[in-house]
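Spelled out, the chains give:
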Amino acid sequence: MCRKRFCAHLMFVVLVYLLFGQSVKAQPTSPAPKLILVLCDGLTIRDLENPHHPALYLLARSGAVGLMNVRTAQPYSHLSALLTLAAGQMEAAQPTDGWAFQQQEQVPNSRGTAGILYLRYTGLVPTKPIVHLGIASLLRRKLNTVLLGSLLNQARPPIVAAIYGNADASQPDRSAALLATDAFGQAQGDLLSTQRDVEAPFGQRDKRMDWFYSKIVGGTASLCVIQLGDMTRLAALQTKLSAKTFQALRERALSRLDVLLYMLWSFVRDHGSVDFILVSPVAARGAALPDAWQRLTPIVALGPDFPAGLLTSPTTRTRGLVANTDLAPTILNLFHVPIPPTMTGRPFVAVPYRDGAHRLAVLARMDYVSVLNARTVVGGMVAIGALGSLIAVGALIAHRFKNRRLARWLSAVFVWGLNLPTALLLAPLWVPPTRWEYILRIIAWMSLLTLGCYGVGRWSRWRPPSIACLVCILLIAFDLCSGQQLIKDSLLSGYALSGIRYYGIGNEYLGVLVGMALIGGCAWLDDLAVLQAKESPLYRKMLVGVWVLLTVLFGWPYWGANYGSLVVTCVAFGLGREALWNRSTSLVKAIVLGCCGIGLAFLFGELDASLARRASSHAGYVLEEAKHGRGVRYLGEIILRKLAMNAHLLTSPYLYLGIGVVATILAASFWLLCPEERARLFRRVHTVKALEALPATVVVTLFFKDSGVVSVLFLIGTTCAILLWYALQEESGEKGGREGVASFCSPSSPLSGKIEA
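Calculation rules
- Residues numbered from 1 in each chain as written.
- Predicted model: local features only at pLDDT ≥ 70, side-chain atom pairs only at ≥ 80, totals over all residues.
- Heavy atoms only, no water.
- Helix = DSSP H or I, 4+ residues; strand = E, 2+ residues; numbered from the N terminus.
- Buried < 20%, exposed > 50% of the residue type's maximum accessible area, 1.4 Å probe, protein only.
- Contact = heavy atoms within 4.5 Å.
- Areas by Shrake-Rupley, 256 points an atom, 1.4 Å probe, with all protein chains shown as cover.
- Core = buried A, V, L, I, M, F, W, Y, C linked by side-chain atoms within 4.5 Å.
- Axes fitted to C-alpha atoms, helices over the stretch in contact; angles between N-to-C directions.
- Parallel < 35°, antiparallel > 145°, perpendicular 65-115°, else oblique.
- Left-handed = near helix turned anticlockwise from the far one by under 90°.
- Patch = residues over 30% accessible without salt bridge, like charges linked within 9 Å, V, L, I, M, F, W, Y side chains within 5 Å.
- Salt bridge = Lys/Arg side-chain N within 4 Å of Asp/Glu carboxyl O.
- Phe/Tyr/Trp six-rings, centres within 6.5 Å; stacked < 30°, edge-to-face > 60°.
- Lys NZ or Arg CZ within 6 Å of the ring centre and 35° of its normal.
- Pairing = 2+ DSSP bridges.

### A few points about the overall build of the chain
Thinking step 1. In terms of helices and strands, the chain carries 31 helices and 14 strands.
Thinking step 2. Across the 757 residues in the chain, those meeting the buried criterion constitute 56%.
Thinking step 3. Of the contacts made within the chain by residues no fewer than 6 positions apart, 74% connect residues no fewer than 24 positions apart.
Thinking step 4. Just so you have it, the chain exposes about 32700 Å², and 66% of that area is on carbon and sulfur atoms.

Set out below in structure tokens:
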């Protein structure tokens, strides 16, 4: 009996041990974090494709990847980059924003430890290991309560964030602490993460990677932020190091990063509820593009909330592209914390896309095109503009000295210029290897399109400028309705790098299209009136219908998404309609049409906000923020910001270069054109009446577009190209039928011979 009782007790003890002992043993000594965020400056897409760093190589192929825009408010700096990540909006940093120290740490050029100075500055007794001595500056800018760490600390229950690491160089740089600092300037973590190394930049490098790993495993924070400073310190000395030394030190830093990624990858795999994000806040500088702020940086995410795919966000609406302002909203969304209205970014997500190799190929192409556009935009546009201006002046001189044949042959340069926006859309379809080949390819597209316009015009009732305008309008309309891939890659837009607009139609193409639709459309009506020896009201109604469609297309939130364009197009096309019916274009009508455009913008914005919510476009987001606490004052701030941006653009030398070119051509035209030619232009009734709508359009564009100066410049340039082409033609328009259109491409014309060939 005793033996049976003993066996029963023994079996009970064994069963309890098996049920509870193993489960207790399996539990970690501390709860696993929800998110691990690693910050490492200077990464490129090539680092993700390099098999010599196996952890980074495999992580990029098995996780969600993307490219991140790193533009910040000026002046650009590493501090501004980290502040933008923490604030979820572009903010200019102050030098004190990186003043975070351990309590017991001696502050440079000060008497006492950081804890004593914090007590002296704030009157608060620090309760956390890290104190931020620049909290007063953040408080004055009303940023202390809207940074990521502060918002997580305000959640109920509070979410603990910890920071490990620094980017100290000649001066302390603890800017990553902004991601974990609460509203009182305190944070969990350990900033003393470097050790002496005489061969490293500034004589210091990050500690062993297992030190960071032990901090994560042994800590209690739900958000663990790791700042690796080796790449930051190396970038600070890049100009003082030889290329060989720089590359060797960079490989050492990447190898240490690879070790940390391997350990963290294993940790994430063992804990199924942990997410991991690798971010490069500042891009690498290179010989091809020394400006680090004109590069995209890779971002990699792994975990249950980030399945394999390409990262995207409502901010960019571009597969594989996110903004640096999206990081803070994404982290808040992962912790189910409300996103404050001050944050302009949106949470990014992973969308499925084929396999890892194809995902990296998409990112590599985007990175290459963005760099190529940044290198080419100034030199390419100046070269093309100079070539076109010289030929245009030559055409005017030839016309002045009665060489009509040469003048008409050279007048094709104005059609060539009208085809520039279309050529810029088509040139990146097959990515060229060098920027000079890129420029030559743009010129080749312009020339091919010009020959096509003349060829089609010879066998139709359309003049070449009208054909060039129609082709550009149709191509952009198709692109807007199919994802805007051509506009995003265009040299004229550069959406991925600008950081201002990532989708829809930008102000450059807006000015071009308004000019083409308004002036080019009215010139087309004058051509038809001459050809048919009478005017048909049907064509006027057709043109007005096109204007209405363009207005809706430009402003619709899922296509053009340009709400300022609704005001511009309402004024331009509304006054244009009045001109077509020989009515006056008064100031009162312009104001009424502008109010109609504002009402239409609010209507589209409200529709967008109600349908898309947090994924809405610019106007929908603005209206949502205005309704939920920011009020009408927020709308006023946006208007003032647009005016300020236009005022800032007035200081750009490239703007005055463009104005100078246009003014030179206009002055040369006025001097070189005879009174008879100018009088012939004024006989084009609809074209001249449409010019009356331009002053009001220019004023409205400057007020309602944040870079309206750019739109105005392209609008005036397009108008000049159309008018000058017609001014240089002989009185062929007095002939009827197909003969009147084909006379400028007669067999005696050199250009006609090329087309026939």
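### Some words on the nonpolar core
Thinking step 1. In this structure, Phe 414, Ile 442, Ile 476, Tyr 509, Leu 518 and Trp 547 are the most contacted members of the largest nonpolar core, which totals 83 residues.
Thinking step 2. The greatest single-element share of this core, amounting to 14 residues, is contributed by helix 20 (residues 507–531).
Thinking step 3. For Ile 442, the residues in contact, after removing those within four places along its chain, are Ile 384, Leu 420, Ala 423, Leu 424, Ala 427 and Leu 491.
Thinking step 4. Among the nonpolar cores identified, the runner-up in size contains 58 residues, and Ala 87, Leu 178, Leu 179 and Ala 180 belong to it.

### Regarding the packing of helix 8 (residues 209–218) against helix 10 (residues 243–270)
Thinking step 1. Running from N to C, helix 8 and helix 10 point in directions that differ by 25 degrees, and their axes come no closer than 9 Å. Looking at the two axes, helix 8 sits roughly parallel to helix 10. Remark: the crossing between helix 8 and helix 10 carries right-handed chirality. In this structure, helix 8 contributes Met 209, Asp 210, Phe 212, Tyr 213, Ile 216 and Val 217 to the contact, and helix 10 contributes Arg 256, Val 259, Leu 260, Met 263, Leu 264 and Phe 267.

### Quick notes on a nonpolar patch on the surface
Thinking step 1. Among the surface-exposed residues, Tyr 558, Trp 559, Leu 607 and Leu 611 lie close enough to one another that they form a single nonpolar patch of about 370 Å² accessible area.
Thinking step 2. Among the secondary structure elements, Leu 611 is positioned in helix 23 (residues 587–612).

### Concerning the pattern of salt bridges
Thinking step 1. Evaluation of the coordinates by the stated rule reveals 22 salt bridges.
Thinking step 2. Between Glu 578 and Lys 589 there is a salt bridge, with its nearest N and O atoms 2.9 Å apart. Placement of the pair is Glu 578 in helix 22 (residues 564–580) and Lys 589 in helix 23, with a sequence separation of 11 residues.
Thinking step 3. On the basis of relative accessible area, Glu 578 is assigned to the buried category, the value being 14%.
Thinking step 4. Across the salt bridge formed by Lys 689 and Glu 692, the nearest N and O atoms sit 3.7 Å from each other.

### Considering the packing of aromatic side chains
Thinking step 1. As enumerated under the stated definition, the model contains nine aromatic pairs in all.
Thinking step 2. An angle of 75 degrees between the planes, with centres 5.7 Å apart, marks the rings of Trp 524 and Tyr 539 as edge-to-face. One end of the pair, Trp 524, is in helix 20; the other, Tyr 539, is in helix 21 (residues 537–555), and 15 residues separate them in sequence.
Thinking step 3. With a relative accessible area of 11%, Trp 524 lands in the buried category.
Thinking step 4. Overall, Tyr 539 belongs to the partly exposed group, its relative accessible area being 23%.
Thinking step 5. Aromatic side chains Trp 556 and Phe 604 sit 5.3 Å apart centroid to centroid with 80 degrees between the ring planes, which places their arrangement in the edge-to-face category. With a gap of 48 residues between them, Trp 556 in the loop between helix 21 and helix 22 and Phe 604 in helix 23 connect regions that are remote in the sequence.
Thinking step 6. Feature note: the residues Trp 462, Trp 524 and Tyr 539 constitute an aromatic cluster, connected by ring pairs.
Thinking step 7. One residue, Arg 540, lies across the ring of Trp 581, its end atom 4.8 Å from the ring centre.

### So, the pairing of strand 6 (residues 186–190)
Thinking step 1. Burial within strand 6 is extensive, with four of its five residues counted as buried.
Thinking step 2. Pairing between strand 4 (residues 130–132) and strand 6: two bridges, direction antiparallel. Looking across to strand 6, one finds that Val 131 is bridged to Gln 186.
Thinking step 3. Sheet analysis places strand 5 (residues 161–165) next to strand 6, joined by three bridges and oriented parallel. By the bridge assignment for strand 6, Ala 162 is matched with Gln 188.

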